Amino acid sequence: MRHIILAAVLWAASFAPGWADGAAIRTTIQSQITAFQQDDFDTAFSYASPNIQRIFGSPDRFGLMVSQGYPMVYRPADIKFLEIETIQGENWQKVRMADQQGRYHVMAYRMILLDGQWLINGVQLLPSEETGV
């Protein structure tokens, strides 16, 4: 019986990033948010994947998109890291953010590992039933 339980735990663990990867992913996201809070778009842009950098072309265009389209990311009132999910081989970190009006939003950060560094390869606003509690 112990072998079955151990096998199940090892199998489940193979689908999620390790603890160290989870910490590194959270550090990347938090560092980008901190850069946005300081209007340091160059640093914020450095945490974006090469694909995202190609799409926006410059740190200023990237910063403008975030400040206008994602105010809860640009100036969050509160941040709470939720679970990391692996979906079709991709790591998604969920983050609950409160905007300046106290409304909560759940964001899913699509993360990629490139040359030993976790980078943000997209962000999605998820449907949420949270009401600011």
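Below: a short report on this structure. (Residues numbered from 1 in each chain as written. Predicted model: local features only at pLDDT ≥ 70, side-chain atom pairs only at ≥ 80, totals over all residues. Heavy atoms only, no water.)

Moving on: the layout of surface pockets. In this structure, the largest pocket spans a volume of roughly 190 Å³. Phe62, Met65, Val66, Gly122 and Val123 are the residues nearest the centre of the largest pocket, which is lined by 14 residues in total. Within the residue set of the lining of the largest pocket, elements represented by two or more residues are helix H2 (19–37), helix H4 (50–56), helix H5 (59–69) and strand S4 (117–126). (1 Å grid on protein atoms, 1.4 Å probe; cavity = no way out; pocket = protein on both sides within 12 Å on 5 of 7 lines; lining within 4 Å. Points joined across faces, edges and corners; volume = space filled by probe spheres on them. Helix = DSSP H or I, 4+ residues; strand = E, 2+ residues; numbered from the N terminus.)

Quick look at the packing of aromatic side chains now. Think of a pair of aromatic rings as described by two things: how far the centres are apart, and how the planes are tilted against each other in angle. Counted by the stated rule, this structure contains five aromatic pairs. Arranged with centres 5.4 Å apart and planes meeting at 55°, the rings of Phe45 and Phe62 form a pair that is tilted. Pair noted here: Phe45 is in helix H3 (residues 41–46) and Phe62 is in helix H5, with a separation of 17 residues, a long-range link. With a relative accessible area of 9%, Phe45 lands in the buried category. Phe62 gets classed as buried once you look at its relative accessible area, which sits at 5%. A ring pair is formed by Phe56 and Phe62, whose centres lie 5.6 Å apart and whose planes are at 65°; its orientation type is edge-to-face. Residue Phe56 shares its accessibility class with Phe62, and that shared class is buried. In textbook terms, an aromatic cluster arises when at least three aromatic residues are bridged by ring pairs, as seen for Phe36, Phe41, Phe45, Phe56, Phe62 and Tyr74. (Phe/Tyr/Trp six-rings, centres within 6.5 Å; stacked < 30°, edge-to-face > 60°. Buried < 20%, exposed > 50% of the residue type's maximum accessible area, 1.4 Å probe, protein only.)

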